[in-house]
Structures are given as structure tokens and as C-alpha cells.
Amino acid sequence: MKENTLVRAIQYTALLVGVFIVMIPVYLTINLSFKTQVESAQSFFAPPSGLYFGNFASVIKGKFWINLGNSLMITLVSMLFIMVLIPMVSFAISRNMKHGYFKFVFYFILAGIFVPFQVIMLPVLKHMSNLHLLNQLGLILMYIALSFTQGIFLSVGFLKNVPIELDEASTIDGCGIWQTFVRIIYPLMLPIIVTIVTLNSLWIWNDFQLPLILLNRSPNYWTLPLFIYNFKSDYGANYNVAFAGFLLTMLPIILLYSVMQRHLISGLTEGALK
Amino acid sequence: MEVIRTTQTQLARKKRSILGSKKMLVYVMFTIPALLLYIGFFFYPTLMGFNYSLTNWDGMARTYKYIGLDNYLAIFKDTRFLHSLGFTFKYTLIVVILKITLALGLAMLLTTNLRFRGLFRSIYFFPAVLSLITIGLIFNEIFLTILPAIGEALGIEALSRNILGNKDTALYGIIIANVWHGVAVPMVIFMAGLASVPKDLHEAATIDGASRSQRFVSITLPFLIPMLNVNLVLIIKGGLTVFDSIVAMTDGGPGTSTESIGFLIYRHGLLENKFGYATAESIFIFALIALISFVQMKWLSKKEVGQQ
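The rules we used
- Residues numbered from 1 in each chain as written.
- Chains lettered and ligands numbered in written order.
- Predicted model: local features only at pLDDT ≥ 70, side-chain atom pairs only at ≥ 80, totals over all residues.
- Helix = DSSP H or I, 4+ residues; strand = E, 2+ residues; numbered from the N terminus.
- Rg over C-alpha atoms; globule rule 2.2 N^0.38 Å.
- Buried ≥ 20, exposed ≤ 12 C-beta atoms within 10 Å, placed from the backbone.
- Contact = placed C-beta atoms within 7 Å.
- Nonpolar A, V, L, I, M, F, W, Y, C, P; charged D, E, K, R; others polar.
- Axes fitted to C-alpha atoms, helices over the stretch in contact; angles between N-to-C directions.
- Parallel < 35°, antiparallel > 145°, perpendicular 65-115°, else oblique.
- pLDDT = per-residue confidence, 0-100.
- Expected span 1.5 Å × (residues − 1).
- Bend = angle between axes of the 7 residues up to and from the residue.
- Core = buried A, V, L, I, M, F, W, Y, C linked by C-beta atoms within 7 Å.
- Domains from an automatic or database assignment.

Trainee: An account of the overall build of chain A is needed here, citing residue identities and associated values.
Mentor: The number of helices and strands found in chain A is 13 helices and zero strands. Listing every helix and strand of chain A by position from the N terminus yields α-α-α-α-α-α-α-α-α-α-α-α-α. For chain A, the C-alpha radius of gyration of 24 Å lies well beyond 19 Å, the compact-globule estimate for 274 residues. By its C-alpha atoms, chain A is 75 × 70 × 35 Å across when sized along the principal axes. Considering chain A as a whole, with its 274 residues, one finds that 42% of them fall into the buried category. Of all intrachain contacts in chain A linking residues separated by at least 6 positions in sequence, the fraction that spans at least 24 positions is 73%.

Trainee: Mind laying out the interface of chain A and chain B, listing which residues take part and the relevant values?
Mentor: With 65 residues of chain A at the interface, the matching set in chain B holds 65 residues. The dominant element in the side of chain A that touches chain B, judged by the number of residues it contributes, is helix α13 (residues 239-273) of chain A, at 15 residues. Tallied by class, the residues present in the side of chain A that touches chain B amount to 51 nonpolar, 12 polar and two charged.

Trainee: Please give an account of the packing of helix α5 (residues 100-110) of chain A against helix α7 (residues 136-159) of chain A that cites residues and values.
Mentor: Residue and element names in this part refer to chain A. Between α5 and α7, the least distance of the axes is 8 Å, while the angle of their chain directions is 130°. Judged by the inter-axis angle, α5 sits oblique to α7. Contact with α5, carried on its side by Phe 106, Ile 109 and Leu 110, involves Phe 148, Thr 149, Ile 152, Phe 153 and Val 156 of α7 and no other residues of that element. Here the residues of the contact of α5 with α7 are counted per class, giving seven nonpolar, one polar and no charged.

Trainee: Which residues make up unusual backbone geometry, and what values go with them?
Mentor: Residues and elements named next belong to chain B. Unusually for a residue other than glycine, Phe 116 sits at a positive phi of about 60°. Its location among the elements puts Phe 116 in the loop between α3 (79-111) and α4 (117-125). Judged by the 12 C-beta atoms lying within 10 Å of it, Phe 116 is exposed. At Asn 273, a position not held by glycine, the phi torsion is positive, near 55°. Counting through the fold element by element, Asn 273 comes out in the loop between α12 (261-271) and α13 (275-307).

Trainee: Could you give an account of the confidence of the model for chain A, naming the residues involved and the relevant values?
Mentor: Chain-level pLDDT for chain A is 89 on average; 97% of the residues reach the 70-or-more range. For chain A, per-element mean pLDDT is lowest for helix α2 (residues 37-42) of chain A, which scores 80, and highest for helix α4 (residues 64-95) of chain A, which scores 96.

Trainee: Outline helix α6 (residues 117-130) of chain A, listing residues and values.
Mentor: Residue and element names in this part refer to chain A. A rise of 1.5 Å per residue sets the reference length of α6, with its 14 residues, at 20 Å; its end C-alpha atoms lie 20 Å apart and thus fit the reference within 8%. Along α6, the sharpest change in direction is near 35° and occurs at Pro 123. Burial in α6 covers these residues: Gln 118, Val 119, Ile 120, Met 121, Leu 122, Pro 123, Val 124 and Met 128. Two residues or fewer past α6, His 132 is found with a positive phi of approximately 55°.

Trainee: Which residues make up the nonpolar core, and what values do they have?
Mentor: Counting 149 residues, the largest nonpolar core has Val 89 and Ala 145 of chain A together with Met 187 and Phe 190 of chain B as its most contacted members. For Phe 190 of chain B, the residues in contact, after removing those within four places along its chain, are Ala 103, Leu 104, Ala 107, Leu 224 and Met 227 of chain B.

Trainee: Residue-level account of the environment of Leu 125 of chain A, with values.
Mentor: Residues and elements named next belong to chain A. Assignment of secondary structure puts Leu 125 in helix α6. On the basis of neighbour counts, which here come to 19 C-beta atoms within 10 Å, the residue Leu 125 falls in the partly exposed class. Taking the C-alpha atoms as reference points, Leu 125 and Gly 62, 63 residues apart in sequence, are found 27 Å from one another.

Trainee: Describe the environment of Asn 135 of chain A, with residues and values.
Mentor: Along the polypeptide, Asn 135 of chain A turns up in the loop between α6 and α7. Distance in space between the C-alpha atoms of Asn 135 of chain A and Pro 211 of chain A is 9.0 Å, their sequence separation being 76 residues.

Trainee: Let's hear about the domain arrangement of chain A: which residues, and what values?
Mentor: In many analyses, interface size is given as the accessible surface area lost on bringing the parts together. Residue and element names in this part refer to chain A. You can read the domains of chain A as domain 1 (2-52) and domain 2 (60-273). On a C-alpha basis, the centroid separation for the pair domain 1 and domain 2 is 34 Å. Where the side of domain 1 that touches domain 2 is concerned, the elements lending two or more residues are α1 (2-33) and α2. With four residues, α1 is the single largest residue contributor to the side of domain 1 that touches domain 2. Grouping the amino acids of the side of domain 1 that touches domain 2 by side-chain chemistry returns two nonpolar, five polar and one charged.

Trainee: Report on the environment of Val 185 of chain B, specifying residues and quantitative values.
Mentor: Within the fold, Val 185 of chain B resides in helix α8 (residues 184-195). Separated by 67 residues in sequence, Val 185 of chain B and Gly 118 of chain B have C-alpha atoms that sit 16 Å apart.

Printed below as a string of C-alpha cells:
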């Protein structure tokens, strides 16, 4: 019994130390963004004496809102296409696996897991520049194309457990393939679609490499990760403004996480586990 | 009669095959948009990568020459590339060890019967949803401004210098930021593994007098092997392609001491006009990652056999 209490105490201590380590950067970010430089020079850790919003004002006087809008638009439009295209092609593949064409399409797309982003990073720049797609549309097309390998792998696996008798029954009821897909199969795929949506929207929202390659032309094109990266040159030595910028860039995700953390956690892990 | 019947069945068969191919056509149409996008924006650039790696293109000139495998021969004589390879391997090794140990430890703590388990879980997972570029910039500020000030106030010399500003320690600064961000996902994957261990096995072993560590080694660990494999592959892949945090924290410096392969490809290709050369370097990472993915696929198919 005594040993058990000791073990418990050690467990809680370890966990609390971990919580401290996780929270310190977050606390500092929030704390310092509400302080003036003079105040934070006295202590980094003491809570601010009042809420000073001047740092935030310096952040949003740049292109913050435009770049936030770009991030939202790019993520939403990519997700819209991903949510339609991946289930469609996965449905066709899973119902015709014996057919050579579909088998080929499946393995051809699956082979993408062998190719790291670095391989296409440089050619994509030349390719998109030739197509005059060094803009948001080009970025969206890239995200859609890059989402297929994992998404189709997950969805085809999921559809193995959706009985083909359902398709047959709906054909007898007079539904065509398209209607069967829209009315019967798509609703049944919702769990895996939720996983795909969480995985991909987090990746697209946080991605830095592709926007860096494709959108670095004009600040009006930037997404939030590019905004915060280039913001470095604006704030110079004023780290309070820097932290205000970090906080504002993280805010949308913090809000989303507080509302639907369960989905985010399961989405991120299920994607890896299957 | 006979004749009529045969023509009727023939007609029916013909009708069925037309219907069948029409159905097939609809299915094929379902795959067309995705296939075109995949070919146009993924497969074609990949092929072009192989193509450019055989040229001496600087990335801007109108013409370039095919120089065979010269780029591949050259990168293995390039000390900068070899150094970045060494840096990337060292980084990956340390990150793998740290992330796996911390993730496993936390997963075990968080699956015991605790108060506030849900809250702990939410807090520990939080870093995973943030972007690495922002995390890198935050840690950069902490190392640059906050820790030195604390070090000076407390008179601790080791703290008062920016660890990112020193060739020998910058690696560890980058590792700290990445581990802070990257423990959460392997942790939750391990938690899924721990949840799959049957409780009665543990109870039976306890009755038989097995100690805590004996139970861990002979009961828990075998159930965790699949999760360990997944985590290893994920972390190794992430380690070999590390990019964002380096751009945010050191920009490859001081000097060229923290250039990872991913970062060097970017620099060579886009900033130093060695486009063909950089694609050859990228094909080299491709070979490494392909090998790892291949091992992963082998293991995945084995797992499926084991389950049946």
C-alpha cells in the first residue's frame, strides 16, 4: 500500500513536470504579447499589470488579415475537392479491384508514399511557373494531388468493410452508380472522411514548404505560416510584437482545438495507424 | 424454336455486355479527375526530378546539358553535402531516441488510473496541432532573448549564451523544439497500443507473482511492437526530411553547421543556382525514404497475415 502511494506520487510529479514543460512556451507567448517592452524587461514570467494591445495593433497593421483569409480560403477549397475526389476514386477502385485498370490506378497512386516532398520541391516550381500557376490556385492543385496517396489508401481499406451487397440492392432498386455512391456509399464513408479531413486540413493549414516555394512572390498571396516567417524582418528586436504575432497566428488553431480536440487527436493518430 | 431461343439469349448477352461496359465507363469516369491531377501535379514533377538530376541546369538558363551521373558522383565528394548527411543522421538518431522514450513513458503514465486524465491528455497533445514554423520561431526567441536574460540574472554561464549561436550546441536547440512538438502523436499511438493489452492477462500474471517490470516485458511490450514500428517509420521519415524548424531557428547556421539535407536541397536549388545538382541530392533522399517505406509496407502486409 505504501509503495503504491509512492508510485502514485512519482507519477503525478512526472506528469506535472511534463505539463510545465509543455505550457511554458505557451504561457510566455501569451504573457509577453500583452506587455510593453519596458514591462517585460523587468520580468518575463510575472503576469502583465494590465492588458496592453499595442503589440497586436502592430501585427495586424501588416497583411495579417489578408494572409489569414488566404489560409482559410486555400484550406477550405482544397478540402472541398479532397472530400469529393478521394471517396469517388476510392469507391470505383474498391468495387473493381479485380479489373486491371483499377488495380493499376490504385497501386500507381499508392506508390506516392515512396516519394518524399523534397523530390518534387524543385521540379514543381519550374512546372508551376511554366503553367502560370505560381499562385493560390496552383497551391490548391498541389494540395489536392498530394492528398491522394494517403487518402485513397485509407478509404479503400475502409470500403473493404462496406458490403458490396448494398450496391447490388440499390441497383435493383433502380439506382445508377452515381446515385448509389451519393445516397448509399458516401454517407457510410463519413467516419473515414472525417479522419481524412482532419489530417489534411491540419497539414494544409500548417504547411510551410509549399507556400514558400509557390507563393513567395507577393505578400498578398501569403498564407499564415509565410506571414509569420516573413514577419521576423518587421519586428526586429521587439520581441513583444513578435510574440503577439505568434499568438495571433496560433489563435485559430487554439480555438479549433478547444472545440474539437477529440476529432483532431483521433484524426491525426488514425491516419498513422492504418 | 431452337433458333429463336439462341438469338434471344445472344441478344440478352449482348445487351448485358453493353450494360456492363457502360457501367464500367461510369466507374472509370470516377477515377479520371483524381488520376489527371495526380499525374499532372505529382507524377510528372517526380519524373522531371529524375530528368533534371542528370543535367547541369542552374535553374534559370534557357538551355542545359545532360551530364549523365556526374551530379551523383559529385555529391559524394562534396564535403558540404556529406556534412549535412551526417548532421541529418545525428539529428534523426537523437530525435528517434528522445521521442520514443518520452512518448512511451507518457503513454504509460496516461493510461494508468489517474485523476484528470482527459485534461492531461489534451494538454500533452496540444503542441502537435501547431505549425512547426511558429514553434521554431517561438523557441528561437526563447533561446535568443529569454534564456540568456535568465542565465545572467542567476549567474549561470551555460544559460547566458544563445545555444543556437554556437556550432556545437545549435543542433540541440533544434532538437528541443522538435521534440516539444513531436512527442504527442507517437504518444497517442502508443496509448492505442496499451489499450489493446487484455486486462485479464495482467491480472493472471499478478496472481502468478510477476513483478511490475516482468509484466511490462512479457505482456505489454509484445502488444506494443506494431505501434513501435509505426512510430519509428514516422519519426525517421520526419527526421530525414527536417526543414521548417531549421529555417525558423538557425537558417542552416552558424556557418553551415545545421544544414539538413532537406534544407541543403532548398539552398542549392533555389538560392545557389545548382538546380540539377540539388535534384540529384533529392533523389538520394528519395532512395533512403523509399527503402524505409518498403520495409514499412513489408511489415504492414505481415501484420495483415498475422491478424487472419
